[in-house]
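One letter stands for each residue in the lines below.
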Amino acid sequence: MSMTHPYQIKPPCILSQLVSDDSASESYCAGFELSEWRCDGFADNLMEWITDYALKSDELRNSNHTNNYVRLKQAASRVYISENYKRRGEVGEIAAHAICRTYFDTIPVAARVNYLSASNDPVKAFDLVHVRYVDDDQIELWLGEAKFFKSRDGAIKDAIASIESHINAGFLRNEKLLLGPQISDDIPYSDKIKALLASETSLDDLIGNAVFPVLIAANSDATAGNTAPCDDYTDGVEREMSALWERLASSGLTKKIKLRLIYVPLADKDKLNTAFDTRLKGLQN
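Conventions used here
Residues numbered from 1 in each chain as written. Predicted model: local features only at pLDDT ≥ 70, side-chain atom pairs only at ≥ 80, totals over all residues. Heavy atoms only, no water. Pairing = 2+ DSSP bridges. Helix = DSSP H or I, 4+ residues; strand = E, 2+ residues; numbered from the N terminus. Contact = heavy atoms within 4.5 Å. Axes fitted to C-alpha atoms, helices over the stretch in contact; angles between N-to-C directions. Buried < 20%, exposed > 50% of the residue type's maximum accessible area, 1.4 Å probe, protein only. Arc of directions from axis to C-beta. Polar contact = N/O pair within 3.5 Å; in protein donor to acceptor, adjacent residues only side chain to side chain. Core = buried A, V, L, I, M, F, W, Y, C linked by side-chain atoms within 4.5 Å. Phe/Tyr/Trp six-rings, centres within 6.5 Å; stacked < 30°, edge-to-face > 60°. Expected span 1.5 Å × (residues − 1).

## Points about the sheet that holds strand β9 (residues 259-266)
Logical step 1: Taken in spatial order, the 7 strands of this open sheet run β1-β2-β9-β8-β7-β6-β5, and their pairing is mixed. With partners counted over all chains shown, the strands left at the sheet margins are β1 (16-22) and β5 (107-108), one partner each.
Logical step 2: In the sheet, strand β6 (residues 128-135) pairs with strand β7 (residues 138-149) via 7 bridges, with the strands oriented antiparallel. The partner of Val131 across the bridge, within β7, is Leu141.
Logical step 3: Across the sheet, helix α11 (residues 269-284) lies against β7, β8 (210-219) and β9, angled at about 105° from β7, the strand it touches most.

## Observations regarding helix α6 (residues 169-179)
For an α-helix, 3.6 residues make a turn, and residues three or four places apart therefore share a direction.
Logical step 1: When we look at burial in α6, the residues that qualify are Phe171, Leu172, Glu175, Lys176 and Leu179. Buried residues in α6, looked at end-on, bunch into an arc of 140°, giving them a common side. Of the residues in α6, the exposed ones pointing more than 90 degrees away from the buried face are Arg173, Asn174 and Leu177.
Logical step 2: Looking at the packing, one finds that the buried side of α6 touches β6, α5 (152-166), α7 (190-196) and α8 (203-208).
Logical step 3: The backbone nitrogen of Gly170 has a side-chain oxygen 3.1 Å away, supplied by the residue at the start of α6, namely Asn168.

## Describing the nonpolar core
Logical step 1: Ranked by internal contacts, the top residues of the largest apolar core, which has 92 residues, are Leu15, Phe42, Ile50, Ile193, Ile216, Leu272 and Phe276.
Logical step 2: The dominant element in this core, judged by the number of residues it contributes, is helix α1 (residues 39-54), at 9 residues.
Logical step 3: Among all residues touching Phe276, those that are not within four sequence positions of it are Ala43, Leu46, Met47, Ile50, Val79, Tyr80, Val91 and Ile94.

## Here's the deal with the packing of aromatic side chains
Logical step 1: Going through the model one piece at a time under the given rule, you end up with 7 aromatic pairs.
Logical step 2: Relative to Tyr103, the ring of Tyr28 lies with its centre 4.7 Å away and its plane at 45°, an arrangement referred to as tilted. Here Tyr28 is found in strand β2 (residues 25-29), whereas its partner Tyr103 is found in helix α4 (residues 90-104), with 75 residues between them in sequence.
Logical step 3: Using a relative accessible area of 33% as the deciding quantity, one classes Tyr103 as partly exposed.

## Notes on unusual backbone geometry
Logical step 1: Phi is positive for Ser35, close to 65°, though the residue is something other than glycine.
Logical step 2: Relative to the elements of secondary structure, Ser35 occurs in the loop between β3 (32-33) and β4 (36-37).
Logical step 3: At Asp105, a position not held by glycine, the phi torsion is positive, near 55°.

## Points about the pairing of β9
Logical step 1: Within β9, 8 of the 8 residues are buried, leaving the element largely enclosed by the surrounding structure.
Logical step 2: Here β9 shows a buried face lined by Leu259, Leu261, Tyr263 and Pro265 and a second buried face lined by Arg260, Ile262, Val264 and Leu266.
Logical step 3: Where β2 meets β9, 3 bridges bridge the pair, whose relative direction is parallel. Pairing of Glu26 across the sheet is with Ile262, part of β9.
Logical step 4: Here 8 bridges tie β8 to β9, and the two strands are oriented parallel to one another. Across the sheet, the residue bridging to Ala218 is Pro265, located in β9.

## Quick look at α5
Logical step 1: Helix length check: α5 (15 residues) gives 21 Å between terminal C-alpha atoms against 21 Å at 1.5 Å per residue, within 8%.
Logical step 2: Where α5 is buried, its residues touch β7, α6, β8, α10 (231-250) and β9.
Logical step 3: The N-capping residue of α5, defined by a side-chain oxygen 3.2 Å from the backbone nitrogen of Asp153, is Ser151.

As structure tokens, then:
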């Protein structure tokens, strides 16, 4: 894995690990500042990640101090162009991208922009397609779902429905056809990734080599009810995370695929969404 690639460097991530229940669920928080949840700091950090999230590997490779602003504007235009930002889910997708890149050393297999339709409408596809290098001869394909909701209950319900529709044979075969040609040749073991996504390869091999991270970013009673990190806060988030994991387990999905729950507790989903949209629109004008 000596190949150099643009994903060897990455932005800093504001989200720090708060609770790690076991090998299948964990939570990450933006923290507090001056007795308030760090909404603006979180929105700023999401903006730092948009080029890593939205640009293709060759565009990242050709980015430098002479074209930073152009690249940032390109990324902003690809995240979404919509007045109806309140119903968009990209904040969750970028948070999932940042957490997987930072804490699991994953690399995007294909930039998310390649999934978008010409009208920039959301499309039915995995929200995250990364690869993780386990050792010199083993790779994991990370096929993620991200839900950015006010309600934790609504988020996990929607996540379960999405995963169930995304692991059926027809969807996975279409996903292989969509992804196969987009695999960047300048990431390590691109040939192995292409082989996993080849039409001749059994879906059993794909699922056997896949991890399905599920990010739930939703309003948290624990986050809204605290002004600084403390045991009470950590315990509250852990209870919320455990309840989400129980919902995933009771769906039966944990017996079919390798799921990983990533919980990002928010004090105010709408406030974060507006803060992010304001920054994004500033680059699009």
